[in-house]
Amino acid sequence: MNGEISGRDAEIYLSAVHKHGLDKDIRFIRKYARFPVGSSVLDVGFGSAELLKFLHDEKGYNRKLFGIEKSPDLFNIISQKIELSSINLLLGDFLDINTSDLCGMDQIVMSFYLHHQECHRGHIKKAFEVLRPGGKLFIYDRILDSDEYRNDFTRFWYDKYLQEHEWSEDIPNLLSHESMLALAQEIGFIVISHESADHDSRIETRNFKKKIYELWSIGNIANVSACFLIHPMYINLLDKILGDIMMDYCGSFTCDFNDVVYSGDLIKDVYPGLPWTDLLSEWTDEIYKGEVGRLIILKSNDHWAKILHHLGIAKRKIRKKYGVCLGPRAASGNYMAMYNAFHVPEPWELVDFLRLIRCHLL
Ligand SMILES: C[S@@+](CC[C@H](N)C(=O)[O-])C[C@H]1O[C@@H](n2cnc3c(N)ncnc32)[C@H](O)[C@@H]1O
């Protein structure tokens, strides 16, 4: 199994892949993974690069985008088509890349990639090495509900799927749900969540649906706990916000927390790399002048990652409830700061947060 799509197949693949639900797949991955503002994303085996283009076109997010592709034919066609300056494309086998060329990624996506590989383990392990501590790996692929459905899949592939498949391809080497869990844990990931794609509703694929997995690389941050920030403008609502969060999101877990104050310097130190750092710094100086926010650190427990995950998903809903405060207008432009009641750091930000808290606690 060589894995790459090359030669005449590369051209056929590019003209036919949209018929296979690619647009719906991309929207599903985007909704599930979110890919926050300013974060870095590596798409492994980018194929048609449609996911990278989609993420690039969401301009306000200013993501740092990278892709690697083994097929020189696909790489050449795609790299002539898209703006190379804003998406960094590499040609090569993911297993062979020098980890230092791409190291420190916030997020990696493997979309319909792993089934091309003879040995899944090496590719998941490589992703672990390339991610920064707290980084996330999203695996999207057709997954067997259980190994016992492998023969059903083989029958489906030869009897049905190949009849409507345009480019030539080896039979996919599908992972099963249990092998995914075992491999991820053995390599050092925690499996945060998984979900089947509801747009993949063919009755004959019910035991090997398209499915996404969210894995967090928490190896050396395992003793950290979840934390979130309450903005100075919302301090008068602190008890109410805390009560809501504890009840709705930590209720089933025993959750002690430390509540500490932080200053604007913490924000500036944790987010130095955002595209609008100068603006952020100007606003932060203004807002935090004499004011402090509150940092809620849940004391370490076995569920911190799940709690952080749930808060990350729910933050939009909770923020909506408390509305948006308008901050100062920046002197350098006509931009007005907007503040939400609270912020939930991504797991990779947590590492910086907890390191910097020690320097910035008032
Ligand atoms: C089925 S395509 C998926 C493309 C895209 N990710 C998507 O979801 O539409 C898998 C891609 O992975 C590439 N590929 C396979 N093995 C690879 C490897 N070891 N390193 C980099 N790319 C690889 C193939 O050439 C192909 O373009």
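Preceding this section is the structure that the text describes.
Figured I'd write up the structure that's included with this text. (Residues numbered from 1 in each chain as written. Predicted model: local features only at pLDDT ≥ 70, side-chain atom pairs only at ≥ 80, totals over all residues.)

**Thoughts on helix 1 (residues 8-16)**
For step 1, the next point in the chain: Listing the buried residues of helix 1 in full gives Ala10, Tyr13 and Leu14. The buried residues of helix 1 occupy an angular sector of 95° when projected down its axis, which confines them to one face. In helix 1, the exposed positions angled more than 90 degrees off the buried face are occupied by Arg8 and Ser15. (Buried ≥ 20, exposed ≤ 12 C-beta atoms within 10 Å, placed from the backbone. Helix = DSSP H or I, 4+ residues; strand = E, 2+ residues; numbered from the N terminus. Arc of directions from axis to C-beta.)

**Overview of the environment of tyrosine 113**
For step 1, the next point in the chain: Along the polypeptide, tyrosine 113 turns up in the loop between strand 4 (105-111) and helix 6 (120-130).
For step 2, the next point in the chain: Accessibility expressed as a C-beta count within 10 Å gives 20 for tyrosine 113, which makes it buried.
For step 3, the next point in the chain: Between the alpha carbons of tyrosine 113 and valine 44 there is a distance of 7.3 Å; along the sequence they are 69 residues apart.

**Points about the environment of isoleucine 139**
For step 1, the next point in the chain: By secondary structure assignment, the location of isoleucine 139 is in strand 5 (residues 131-142).
For step 2, the next point in the chain: On a C-alpha basis, the gap between isoleucine 139 and histidine 194 in space is 9.3 Å, while along the polypeptide they are 55 residues apart.
For step 3, the next point in the chain: Those residues in contact with isoleucine 139, other than ones at most four positions away along the chain, are Met110, Leu114, Tyr213 and Leu215. (Contact = placed C-beta atoms within 7 Å.)

**Regarding the sheet that holds strand 4**
To summarise the sheet geometry, strands pair through backbone hydrogen bonds and adopt either a parallel or an antiparallel arrangement.
For step 1, the next point in the chain: The strand order 3-2-1-4-5-7-6 describes an open sheet built from seven strands, whose pairing is mixed. Both edges of this open sheet fall to strand 3 (87-91) and strand 6 (189-196), since each of them pairs with a single strand only. Neighbour-to-neighbour, the strand axes of the sheet open up by a mean angle of 20°, direction not taken into account.
For step 2, the next point in the chain: Where strand 6 meets strand 7 (residues 210-217), seven bridges bridge the pair, whose relative direction is antiparallel. Among the inter-strand pairings, phenylalanine 189 is bridged to a residue of strand 7, identified as serine 217. (Pairing = 2+ DSSP bridges. Axes fitted to C-alpha atoms, helices over the stretch in contact; angles between N-to-C directions.)

**A word on the nonpolar core**
For step 1, the next point in the chain: Within the largest apolar cluster, 79 residues are counted, with the highest numbers of intra-cluster contacts made by Leu42, Val44, Ile108, Val109, Leu137, Ile139 and Cys227.
For step 2, the next point in the chain: Here this core spans two domains, and each of domain 1 (8-221) and domain 2 (227-360) adds at least three residues to it.
For step 3, the next point in the chain: Not counting chain neighbours up to four residues away, the residues in contact with valine 109 comprise Ile29, Val41, Asp43, Val44, Leu51 and Phe138. (Core = buried A, V, L, I, M, F, W, Y, C linked by C-beta atoms within 7 Å. Domains from an automatic or database assignment.)

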